[in-house]
Amino acid sequence: MVRIFLLIFCLFGFLFSLQLIESLFRGHSEMFTNQFGQAFSNPLLGLCLGLLATATVQSSSTTTALIVATVASGTLQLSQAVPMVMGANVGTTITAMLVAFTHVYNKRQFRKAFAAALGHHFFNILTLILLFPMEYAFGLLSGTATHLAELFSTGSTDGQSFLSFAIKPLLAWFEQQTGGSVLIPLFTAVALLPASVFGFSAVLKGLVIGSAQQLIEDKVFGEPLIALFWGIGLTALVRSSAATTSLTVPLVAGERISLKKSLPFIMGANVGTTITALLASVSRSETAISIAITHLLFNLIGVLVLFPFPNLRQKFVWLVKRSASKLTTNRSNAFLYLLLIFFVLPVALLYFGLK
């Protein structure tokens, strides 16, 4: 009963923080639009920001939900937000890598654990390499998402009773108490959004994953299609691909499952994590719905490119194993790779790009 109450409380906090961010950006739209428009009109800078922000908070769910709220306020255009979502998908892979470092004192286990983490990382990198140029040149993801959003949109956002009767009155009271301040709502939203996402994830992880650990080891990784759907389902429940993909790291390190068997589950987890952005976009503008669909399309296309072809998956596994072997020969190389990809490179590009 207590866990159910905590889930409801976290969900309420999540939706309230999003509504607070949207309201804040709407109230100061001209200032924020000018700042964001100038800073992130370059797609590469948006990509770096999404990567860096997600690597820092270790949750693509938090980052993409924030992006949805910002797009809903009109502060960010869809074309500016799409690269940020792509970067968030890469940034979230840092969590599995950090989990792999818990095996650093056993060279064999560390190599296998780092390979499992690289499976998640490389999958997102390869999807990014495939889709970023197509989005930049043709607007593939944003154009497709816009058309889908038009199909699914009702054209009205007034029927969302939960937002209308629960969150919006609280938001009005909160804004009245803060007296039009920008900093207090901003700090509240920035603290509450990740806290609610992590809280929701932790409670559901205890309910779903903790009690099903043996089932996961025995049943989940048998057939590739079954593993794919388990990855989607578990991650949609827990709302954190970082949490579910990190489960595969100790299993591969301990040789309970093979890297090849973990890959479909990882791909499914990437699709399952999009539920957070889709939830955040409910009752908001078509543009906000479009960015949530973009997040789904990015991960879904990556799965459709790799999953149906066993030979291609085998070559991908070979690439991951070989890369993990090279990076873990000297274990400091793995740490340097992590620092370079997730922090040094994006910070450098942002610094020189924004000068």
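The structure this text deals with has already been given above.
Residues numbered from 1 in each chain as written. Predicted model: local features only at pLDDT ≥ 70, side-chain atom pairs only at ≥ 80, totals over all residues. Heavy atoms only, no water.

### Quick notes on the pattern of salt bridges
Pairs can form between side chains of opposite charge whenever their charged atoms are close. Applicable threshold: For this document, the term salt bridge refers to a Lys or Arg side-chain nitrogen within 4 Å of an Asp or Glu carboxyl oxygen. Numbered from the N terminus, helices here are DSSP runs of H or I no shorter than four residues, and strands are runs of E no shorter than two. Each residue is placed in one exposure class: buried if its accessible area under a 1.4 Å probe, protein chains only, is under 20% of its type's maximum, exposed if it is over 50%, and partly exposed if it falls in between.
Here the structure, examined in full by the defined rule, presents one salt bridge. Between R108 and E255 there is a salt bridge, with its nearest N and O atoms 2.7 Å apart. Of the two residues, R108 sits in helix α7 (residues 107-138) while E255 sits in the loop between α13 (241-253) and α14 (259-272), which places them 147 residues apart along the sequence. Under the relative-accessibility criterion, E255 is labelled partly exposed at 44%.

### Observations concerning the packing of aromatic side chains
Convention followed: For this analysis, a ring pair means two rings from Phe, Tyr or Trp (six-membered ring only for Trp) whose centres lie within 6.5 Å, classed as stacked if their planes differ by under 30 degrees, edge-to-face if by over 60, and tilted for the remaining angles. Put simply, a charge is over a ring when the Lys NZ or the Arg CZ is close to the ring centre, within 6 Å, and near the line of the ring normal, within 35 degrees.
A full pass over the atoms with the stated rule returns six aromatic pairs. Taken together, a centroid distance of 6.1 Å and an interplanar angle of 80 degrees make the contact between F101 and F114 edge-to-face. Of this pair, F101 sits in the loop between α6 (94-100) and α7 while F114 sits in helix α7, placing them 13 residues apart in sequence. Across the pair, F114 and F101 agree in class, each one buried. The interplanar angle of 85 degrees and the centroid separation of 6.1 Å between the aromatic rings of F101 and F335 together place this pair among those described as edge-to-face. One end of the pair, F101, is in the loop between α6 and α7; the other, F335, is in helix α18 (residues 331-354), with 234 residues separating them in the sequence. Put simply, the rings of F101, F110, F114 and F335 touch in pairs and so form one group of aromatic residues. Sitting above the plane of the F307 ring, R313 keeps its charged end 5.0 Å from the centroid.

### Here's the deal with the nonpolar core
So the rule is basically this: We call a set of buried Ala, Val, Leu, Ile, Met, Phe, Trp, Tyr and Cys residues a nonpolar core when their side-chain atoms join them within 4.5 Å. Any two residues whose heavy atoms approach within 4.5 Å are treated as being in contact.
Grouped together as the largest cluster of nonpolar side chains are 74 residues, with contacts concentrated most on M86, M97, F114, L118, M267, I291 and F342. Take this core: its biggest share by element is twelve residues, from α7. Residues in contact with F114, not counting those within four places in the same chain, are M97, A100, F101, A324, L327, T328 and A334.

### Quick notes on the packing of α14 against helix α17 (residues 310-329)
Stated precisely, the cut-off is as follows: Angular values range over 0 to 180 degrees, each being the angle between N-to-C directions of two axes fitted as lines to C-alpha atoms, with helices fitted over their stretch in contact. With respect to orientation, any angle under 35 degrees is reported as roughly parallel, any angle over 145 as roughly antiparallel, any angle of 65 to 115 as roughly perpendicular, and every other angle as oblique. Three residue categories are used. Nonpolar comprises Ala, Val, Leu, Ile, Met, Phe, Trp, Tyr, Cys and Pro, charged comprises Asp, Glu, Lys and Arg, and polar comprises the others, including Gly.
As a packed pair, α14 and α17 sit with axes 10 Å apart at the nearest point and diverge in direction by 105 degrees. If you check the angle between α14 and α17, you find them roughly perpendicular. Between α14 and α17, the contacting residues are L259, K260, L263 and M267 on the first element and R313, Q314, F316, V317, V320 and K321 on the second. Grouping the amino acids of the contact of α14 with α17 by side-chain chemistry returns six nonpolar, one polar and three charged.

### Focus: the environment of T56
Let me state the cut-off plainly: N or O atoms closer than or at 3.5 Å make up a polar contact, with two conditions inside protein: a donor-capable atom paired with an acceptor-capable one, and, for residues adjacent in sequence, both atoms drawn from side chains.
Secondary-structure assignment places T56 in helix α3 (residues 43-57). Overall, the relative accessible area of 54% leaves T56 in the exposed class. Sequence separation of T56 and T95 is 39 residues, and the distance between their C-alpha atoms is 9.9 Å. Reaching out from T56, the side chain makes a polar contact with the backbone oxygen of L52 at a distance of 2.7 Å.

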